[in-house]
Amino acid sequence: MNKLQTQHQVRPTMLWEVAKVACFGLGAVTALMGKGAVMACTEAVETVISEHYDDQLKDLQDSTHPSIVLLRDVIREFRDDELEHLDTAVEHDSQRPPAHALLSSVVGMGCKVAIESISI
């Protein structure tokens, strides 16, 4: 994504640095909680991100402009990568931790808030 931003001279969101710190913090906290928490976090993040990509694809589905067709292909590729990560998390018992539902809800909501805030 960063390469595409540079290539197309798109300025990153002003909140990019905040997002990077938040992502690092989330990863560090869940790592301290153990593998189960990391996998539950991964599952929640990848679920929200893949849904976001699906929403973008729906928004772009009626356009036939060549650049939009290419953009849809790129979004599909990114979404499919996220779905692979989701599958990996599930294969590694992401739903096993006792606080899975709570952790998933909190992380998922945080991801949705982050997506909305950087989409402004």
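Residues numbered from 1 in each chain as written. Predicted model: local features only at pLDDT ≥ 70, side-chain atom pairs only at ≥ 80, totals over all residues. Heavy atoms only, no water.

Engineer: Outline a negative patch on the surface, listing residues and values.
Structural biologist: On the surface, Glu-77, Asp-81, Glu-84, Asp-87 and Glu-91 cluster together to form a negatively charged patch. For Glu-84, the position within the fold is in helix H4 (residues 66-91). (Patch = residues over 30% accessible without salt bridge, like charges linked within 9 Å, V, L, I, M, F, W, Y side chains within 5 Å. Areas by Shrake-Rupley, 256 points an atom, 1.4 Å probe, with all protein chains shown as cover. Salt bridge = Lys/Arg side-chain N within 4 Å of Asp/Glu carboxyl O. Lys, Arg positive; Asp, Glu negative; His and termini not counted. Charge placed at Lys NZ, Arg CZ, Asp CG, Glu CD. Helix = DSSP H or I, 4+ residues; strand = E, 2+ residues; numbered from the N terminus.)

Engineer: Would you mind going over unusual backbone geometry in detail, with residue names and values included?
Structural biologist: Positive phi outside glycine occurs at Asp-93, with the angle close to 65 degrees. Tracing the backbone shows Asp-93 in the loop between H4 and helix H5 (100-118). Exposure remark for Asp-93: the relative accessible area of 37% places this residue in the partly exposed category. (Buried < 20%, exposed > 50% of the residue type's maximum accessible area, 1.4 Å probe, protein only.)

Engineer: Hey, could you go over the pattern of salt bridges for me, with residue numbers and the actual values?
Structural biologist: One pass over the structure, following the stated rule, counts 5 salt bridges. We note a salt bridge from Asp-80 to Arg-79, for which the minimum N-O separation is 3.1 Å. In this structure, Arg-96 engages Asp-93 in a salt bridge whose closest nitrogen and oxygen atoms are separated by 3.4 Å. Among the charged side chains, a network of salt bridges with common partners joins Asp-54, Arg-79 and Asp-80.

Engineer: Please set out the packing of helix H2 (residues 16-33) against helix H3 (residues 35-60) residue by residue, giving values where relevant.
Structural biologist: The contact between H2 and H3 brings their axes to 7 Å, and the two run at 140 degrees. With respect to their mutual orientation, H2 and H3 come out oblique. Residues Leu-26, Thr-30, Ala-31 and Met-33 of H2 form the contact with H3, whose own contacting residues are Ala-37, Val-38, Cys-41 and Val-45. (Axes fitted to C-alpha atoms, helices over the stretch in contact; angles between N-to-C directions. Parallel < 35°, antiparallel > 145°, perpendicular 65-115°, else oblique. Contact = heavy atoms within 4.5 Å.)

Engineer: Residues and numbers for a nonpolar patch on the surface, please.
Structural biologist: Residues Leu-15, Val-18 and Ile-118 make up a contiguous nonpolar surface patch of about 240 Å² in total accessible area. On the secondary structure map, Val-18 appears in helix H2.

Engineer: Go over the nonpolar core, please, and point to the residues and values.
Structural biologist: Listed in full, the 10 residues of the largest apolar core are Ala-37, Ala-40, Cys-41, Ala-44, Val-45, Val-48, Leu-103, Val-107, Cys-111 and Ile-115. When residues of this core are assigned to their parent elements, the largest contribution, 6 residues, is made by H3. Core analysis: the second largest hydrophobic core is formed by 6 residues, Leu-57, Ile-68, Ile-75 and Phe-78 among them. (Core = buried A, V, L, I, M, F, W, Y, C linked by side-chain atoms within 4.5 Å.)

Geometric values such as these leave the question of function open.
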